Amino acid sequence: MAAPSAPRPPRPRKEPQPLVIPRSAAEEQRLRLERLMRNPEKTVPIPEKLNEWAPRPPPEFVRDVMGSSAGAGSGEFHVYRHLRRREYQRQDFMDAMAEKQRLDEEFQKKLERNKMIAEEQTAKRRRKRSGLLPLSWLRWRTTVPTADAA
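Thresholds, definitions, all that
Residues numbered from 1 in each chain as written. Predicted model: local features only at pLDDT ≥ 70, side-chain atom pairs only at ≥ 80, totals over all residues. Heavy atoms only, no water. UniProt positions renumbered as here; feature names shortened; annotations may be inferred. Helix = DSSP H or I, 4+ residues; strand = E, 2+ residues; numbered from the N terminus. Buried < 20%, exposed > 50% of the residue type's maximum accessible area, 1.4 Å probe, protein only. Areas by Shrake-Rupley, 256 points an atom, 1.4 Å probe, with all protein chains shown as cover. Expected span 1.5 Å × (residues − 1). 1 Å grid on protein atoms, 1.4 Å probe; cavity = no way out; pocket = protein on both sides within 12 Å on 5 of 7 lines; lining within 4 Å. Points joined across faces, edges and corners; volume = space filled by probe spheres on them. Nonpolar A, V, L, I, M, F, W, Y, C, P; charged D, E, K, R; others polar. Patch = residues over 30% accessible without salt bridge, like charges linked within 9 Å, V, L, I, M, F, W, Y side chains within 5 Å. Salt bridge = Lys/Arg side-chain N within 4 Å of Asp/Glu carboxyl O. Lys, Arg positive; Asp, Glu negative; His and termini not counted. Charge placed at Lys NZ, Arg CZ, Asp CG, Glu CD. Phe/Tyr/Trp six-rings, centres within 6.5 Å; stacked < 30°, edge-to-face > 60°.

The protein chain is annotated in an unreviewed UniProt entry as PRKR interacting protein 1 of Catharus ustulatus. Heading Sequence similarities (unreviewed entry) of the UniProt record for the protein chain holds this comment: "Belongs to the PRKRIP1 family."

Visitor: Give me the overall build of the protein chain: which residues, what numbers.
Guide: On a plain count of helices and strands, the protein chain comes out with 3 helices and 0 strands. What you see in the protein chain, going N to C, is helices and strands ordered as α-α-α. Of all 150 residues assigned to the protein chain, the portion counted as buried reaches 1%. Carbon together with sulfur atoms contributes 57% to the accessible area of the protein chain, which is approximately 15,800 Å² in total.

Visitor: Pulling in residues and values, what's your account of helix α1 (residues 25-38)?
Guide: The end-to-end C-alpha distance of α1 is 20 Å, a good match for the 20 Å that 14 residues give at a rise of 1.5 Å each. Of all 14 residues making up α1, only 0 are buried, and the element is barely covered by its neighbours.

Visitor: Outline the environment of M94, supporting the account with residue identities and numerical values.
Guide: Along the polypeptide, M94 turns up in helix α2 (residues 76-130). M94 gets classed as partly exposed once you look at its relative accessible area, which sits at 44%.

Visitor: I'd like a description of the layout of surface pockets, backed by residues and values.
Guide: Taken as a whole, the largest pocket holds about 390 Å³ of empty space. Forming the walls of the largest pocket are 14 residues, and the residues nearest its centre are P58, P59, V62, L83 and R86. Its residues assigned to classes, the lining of the largest pocket shows 8 nonpolar, no polar and 6 charged. Taken together, R32, R35, L36, R38, N39, K42, T43, V44 and P45 make up the lining of the second largest pocket. Class assignment for the residues of the lining of the second largest pocket results in 3 nonpolar, 2 polar and 4 charged.

Visitor: Residue-level account of a positive patch on the surface, with values.
Guide: On the surface, a cluster of positive charge is made up of R8, R11, K14, R35, R38 and K42. Turning to its location among the elements, K42 is positioned in the loop between α1 and α2. By relative accessible area, K42 is classed as exposed at 57%.

Visitor: If you had to explain the packing of aromatic side chains to someone new, which residues and values would you point to?
Guide: Here the structure, examined in full by the defined rule, presents 1 aromatic pair. Measuring from centroid to centroid gives 5.9 Å for W53 and F93, while their planes differ by 85 degrees, and the two rings are edge-to-face. With W53 in the loop between α1 and α2 and F93 in helix α2, the pair connects residues that are 40 residues apart, well separated along the chain.

Visitor: Residue-level account of a nonpolar patch on the surface, with values.
Guide: The grouping of L33, L36, M37, V44 and I46 at the surface amounts to a nonpolar patch, some 530 Å² of accessible area in total. With respect to the helices and strands, L33 occurs in helix α1.

Visitor: So what's going on with the pattern of salt bridges? Residues and values would help.
Guide: Evaluated as defined, the whole model comprises 7 salt bridges. The residue E34 makes a salt bridge to R30 at a minimum N-O spacing of 2.8 Å. On the criterion of helical spacing, the pair formed by E34 and R30 is a turn pair, its members being 4 residues apart in helix α1. Residue E34 is classed as partly exposed on the basis of its relative accessible area of 38%. R30 gets classed as partly exposed once you look at its relative accessible area, which sits at 39%. Of the charged contacts in the structure, one is a salt bridge between E87 and R90, with a shortest N-O distance of 2.6 Å.

Next comes the structure, spelled out in structure tokens:
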């Protein structure tokens, strides 16, 4: 038998929390934030990004090659159907990845173009403020008030 030990001290009681049922997504988010902010020192688990689905690679060696002779059994159709489905999934995945890559390249080109335009505008303003632009450029940018406008 185990030796008798000293009795445990009683656990501290938690104060009861009121039951709140969120009525909207915003209220649910507010309740979660309040719960997190009750103890700001506590670490918050941040889930890792899930890996994208990818089809499994084709086998190195195919053992059951379908022949072209007549008289295939009734089970061969199901084998063919699964192979066909897997191949279609692989092709769809490759098409989706190519489309994603194309969109990423377009986005990067657009970012570069916007960055270049912004840099040109900044350089133009810099030249304007330093007085390096010709006065003819400033003339058409400024409007002279006329007597009719007053």
